[in-house]
Amino acid sequence: MEDDSLTPEEIKSLRKFKATLFDLYWDNFGFFYIHVVPHPELQMGNRGLLGKEKEAGVILAIGPTACREIASEEDSLYAELQFGLKWEKLLIPWDSIFRIFDKTQNSLTQLS
């Protein structure tokens, strides 16, 4: 049986690819969505993952009006996003980003 696990170099490359793709969406779409799946290092502020999000993940709206602060790091994305009237500090590991897509879903990238 083949071992499907990624090498540390492949993981680093995939994280860099996701960060670059995120920057591309940020620069070209202005407003887009990311589907984040549960991950041990995912931090969703005081909110956390709710209900079915604990299994399926959550889709986050990303854009200048939806983000108060955003910073790309080597292993993760830091963002302050608004949920209702409350701002939450999120730490999103690149490994937890499953999908990135624009508002009309004309551009959709599914990742693993």
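Preceding this paragraph is the structure being described.
What counts, and at which threshold
- Every chain is numbered independently, its residues counted from 1 as its sequence is written.
- Selection of residues for local features in this predicted model requires a pLDDT of at least 70, selection of side-chain atom pairs for listing and counting requires 80 or more, and totals for whole chains, interfaces and linings are taken over all residues.
- Where side-chain values are given, they derive from all heavy atoms of the structure, hydrogens and water being excluded.
- Helical segments are the DSSP runs of H or I of at least four residues, strand segments are the runs of E of at least two, and each set is numbered from the N terminus.
- The term polar contact refers here to a pair of N or O atoms within 3.5 Å; inside protein, the definition further demands a hydrogen-donor-capable atom paired with an acceptor-capable atom, and it admits residues adjacent in sequence only when both atoms are side-chain atoms.
- Only heavy atoms matter for contacts: two residues are in contact if any of them lie within 4.5 Å across the pair.
- Here a pair means two rings of Phe, Tyr or Trp (six-membered ring of Trp) with centres within 6.5 Å. Their orientation is stacked below 30 degrees between planes, edge-to-face above 60, and tilted elsewhere.
- Exposure categories follow from relative accessible area, calculated using a 1.4 Å probe and restricted to protein chains: below 20% of the type maximum is buried, above 50% is exposed, and the middle band is partly exposed.
- A pair of strands is labelled paired if DSSP reports no fewer than 2 bridges between them.
- Salt bridge, as applied in this entry: a Lys or Arg side-chain nitrogen positioned within 4 Å of an Asp or Glu carboxyl oxygen.

A. Quick peek at the side chain of Glu 53. With respect to the element layout, Glu 53 can be found in helix α2 (residues 53-56). A polar contact is formed between the side chain of Glu 53 and the side chain of Arg 47, at a distance of 2.9 Å. Non-local contacts of Glu 53, meaning those with residues more than four positions away in its chain, are made with Pro 38, Arg 47, Gly 48 and Val 58.

B. Main features of the packing of aromatic side chains. Tallied over the entire structure, the rule returns 7 aromatic pairs. When the centroid spacing of 5.4 Å and the interplanar angle of 25° are considered together, the rings of Tyr 33 and Phe 101 count as stacked. Of the two residues, Tyr 33 is situated in strand β1 (residues 32-36) and Phe 101 in strand β7 (residues 97-102); the sequence distance between them amounts to 68 residues. Here Tyr 33 falls in the partly exposed class, since its relative accessible area comes to 21%. Members of the aromatic cluster, each reached through a chain of ring pairs, are Phe 22, Tyr 25, Trp 26, Phe 29, Phe 32 and Trp 94.

C. Fine view of the pairing of β1. Within β1, 4 of the 5 residues are buried, leaving the element largely enclosed by the surrounding structure. Strand direction decides the pairing type here: β1 and strand β3 (residues 58-62), joined by 5 bridges, are antiparallel. Across the sheet, residue Val 36 finds its bridge partner in β3, namely Val 58.

D. Broad picture of the pattern of salt bridges. One pass over the full model with this rule turns up 5 salt bridges. Across the salt bridge formed by Glu 53 and Arg 47, the nearest N and O atoms sit 2.9 Å from each other. On the basis of relative accessibility, which here comes to 21%, the residue Arg 47 falls in the partly exposed class. Here Glu 80 and Arg 68 are joined by a salt bridge, their closest N and O atoms 3.1 Å apart. Pair noted here: Glu 80 is in strand β5 (residues 76-83) and Arg 68 is in strand β4 (residues 67-72), with a separation of 12 residues, a long-range link. On the basis of relative accessibility, which here comes to 52%, the residue Arg 68 falls in the exposed class. Connected through shared salt-bridge partners, Arg 15, Asp 75 and Asp 95 make up one network.

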